[in-house]
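Residue-level structural notes
Spelled out, the chains give:
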Protein chains: 2
Amino acid sequence: MTDDDRVFKALADPTRRFLLDLLFMRDGRTLTELESELEMSRFGAMKHLRVLEEANLVVTRRSGREKLHFLNPVPIREIHDRWIDKYTELHTTALLELKAELEDES
Amino acid sequence: MTDDDRVFKALADPTRRFLLDLLFMRDGRTLTELESELEMSRFGAMKHLRVLEEANLVVTRRSGREKLHFLNPVPIREIHDRWIDKYTELHTTALLELKAELEDES
DNA sequence: TTGACATGTGACCATTTGGTCACCTATCGT
DNA sequence: ACGATAGGTGACCAAATGGTCACATGTCAA
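Residues numbered from 1 in each chain as written. Chains lettered and ligands numbered in written order. Predicted model: local features only at pLDDT ≥ 70, side-chain atom pairs only at ≥ 80, totals over all residues. Heavy atoms only, no water.

Under an unreviewed UniProt entry, chain A has the name ArsR family transcriptional regulator and belongs to Jiangella aurantiaca.

Right, dumping it as C-alpha cells:
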C-alpha cells in the first residue's frame, strides 16, 4: 500500500471525514471525546482514527493515559497540487466563487 | 449518497487516480484510448470512468460514436478548501517546500 | 494498592467494491 | 447495405471494508 493510497482510502469514509472536520474545528482531542460525537462504539471510532493516523492525516501525542489527536493538512495540500495546475488555479477559484454566488441566490 | 461521498469514493481507487493523471496530462481522450493505458478489460475501465463522471471529477462530450473525457478540477479544489484554513495555507505550503527540498537532497 | 478510567488487540460477520463476461446498440467508411 | 468500430448494460464472483465484541494493558487518584 503506497502513501497516497493510504490517504485516499482514509478519506473515502464519511465517519473519518467527520473526524477531520471535528479536528479542523478544534485540535488536540482525546479518543473518548471524539468517540462521544460519533454514533458508534469506541472500537469503531478507534479503528477510524488509526486509519487516519496511518495516512498521516492525523498526528498524535501521548499525555499520560490520554492520546491527543491533531489534524495534519499536508496530505490534503498534496492532493490539491497533484491535479490543480498552477496556471489554471485562478480559473478554478473563479468557478468556485461563481458557484457559491449562484447557490447563495437560489 | 452525497456529492462529496461520490468524490471521495471515486478518488479511493488507484486506477481512477491514474485515469485522472492521464487526463491531467492531456484532456479529451476517448474510452478506447484510455483503456489502452490500463491493465484491464474495457469494461473495467468503463466502470471506473463512470464512477469519475458521477463524481463530476470527469466531464464528457459526445462526438459521433466517440465520447471525449475531460478533467474537472473543481471538486479537488473543494477538498482543499474544506480542511485548509486560509490562515494556515502559507504555513502548509512552506512545509511542503521543505519536504520537497529534503527529498531532493536524499 | 485498588478500583476506575483511557486506550489497545484479534477474531468475527454483513455489506460493499473491483473486475470479468455474454450480450446489446449506435455510428463510421466503403 | 454491411462489416468493423466505439460505447453500454446486467449478472456474477472474489476480495476488501465497516462495525462489534470479549478480552487485555497501562495510568490516574484516593
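**Notes on the protein's contact with DNA strand C**
What counts, and what does not: For this purpose, a residue is taken to be near a molecule or strand whenever a single non-hydrogen atom of the residue falls within 4 Å of it. The definition of a polar contact used here is a pair of N or O atoms within 3.5 Å, where within protein one atom must be able to donate a hydrogen and the other to accept one, and adjacent residues in sequence count solely through side-chain atom pairs. The helix count covers DSSP runs of H or I at least four residues long, the strand count covers runs of E at least two residues long, and both are numbered beginning at the N terminus. Note on residue classes: Ala, Val, Leu, Ile, Met, Phe, Trp, Tyr, Cys and Pro are nonpolar, Asp, Glu, Lys and Arg are charged, and everything else, Gly too, is polar.
Residues in close proximity to DNA strand C total 22 residues, the closest being Thr32, Arg42 and Met46 of chain A together with Lys47 and His48 of chain B. When the atoms of DNA strand C within 4 Å of the protein are grouped by moiety, sugar and phosphate amount to 61% of the total. Within the contact set of DNA strand C, a phosphate oxygen lies 3.0 Å away from a side-chain nitrogen or oxygen of arginine 16 of chain B. Lysine 47 of chain B is positioned with one of its side-chain polar atoms (N or O) 2.2 Å from a base oxygen of DNA strand C. Elements supplying a minimum of two residues to the surface near DNA strand C: helix H3 (31–35), helix H4 (42–54) and strand S3 (66–71) of chain A together with helix H4 (42–54) of chain B. Of the residues assigned to the surface near DNA strand C, the class counts are five nonpolar, six polar and eleven charged.

**Examining the protein's contact with DNA strand D**
Residues in close proximity to DNA strand D total 22 residues, the closest being Lys47 and His48 of chain A together with Thr32, Arg42 and Met46 of chain B. In the interface set of DNA strand D, defined as its atoms within 4 Å of the protein, sugar plus phosphate atoms amount to 59%. In this structure, a phosphate oxygen belonging to DNA strand D sits 2.3 Å away from a side-chain N or O atom of histidine 48 of chain A. One nitrogen or oxygen atom from the side chain of arginine 65 of chain A is found 3.4 Å from a base oxygen belonging to DNA strand D. For the surface near DNA strand D, the secondary-structure elements that each account for two or more residues are H4 of chain A together with helix H3 (31–35), H4 and strand S2 (66–71) of chain B. Grouping the amino acids of the surface near DNA strand D by side-chain chemistry returns five nonpolar, six polar and eleven charged.

**Some points on the domain arrangement of chain A**
All names here are of chain A. This is how it is decided: Each domain's extent was defined by an automatic or database domain assignment. Pairs of residues are marked as contacts when any of their non-hydrogen atoms sit within 4.5 Å. Note: buried area is the sum, over both parts, of the accessible area (probe 1.4 Å) each one loses when the two are combined. What counts as a salt bridge is simple: a side-chain nitrogen of Lys or Arg found within 4 Å of a carboxyl oxygen of Asp or Glu.
In terms of domains, chain A is made up of domain 1 (1–72) and domain 2 (74–106). Distance from the C-alpha centre of domain 1 to the C-alpha centre of domain 2: 26 Å. The interface of domain 1 with domain 2 comprises eight residues on the first partner and six residues on the second. Carbon and sulfur atoms supply 74% of the area that domain 1 and domain 2 bury against each other, a total of about 520 Å² over both sides. At the surface where domain 1 touches domain 2, the tally comes to one salt bridge. The residue arginine 82 makes a salt bridge to aspartate 4 at a minimum N-O spacing of 3.2 Å. At the junction of domain 1 and domain 2, the tally comes to two residue pairs in polar contact (both at pLDDT 80 or more).

**Remarks on the interface of chain B and chain A**
With 30 residues of chain B at the interface, the matching set in chain A holds 30 residues. Approximately 2900 Å² of surface area, both sides summed, lies buried where chain B meets chain A, with 65% of it carried by carbon and sulfur atoms. Among the residues of chain B in contact with chain A, Arg17, Arg77 and Trp83 of chain B are the three that bury the most area, contributing 25% of the side total. Remark: the boundary between chain B and chain A carries six salt bridges. Between arginine 17 of chain A and aspartate 4 of chain B there is a salt bridge, with its nearest N and O atoms 3.2 Å apart. Here chain B is connected to chain A by ten residue pairs in polar contact (both at pLDDT 80 or more). A breakdown of the residues in the side of chain B that touches chain A according to their chemical character gives 15 nonpolar, three polar and twelve charged.

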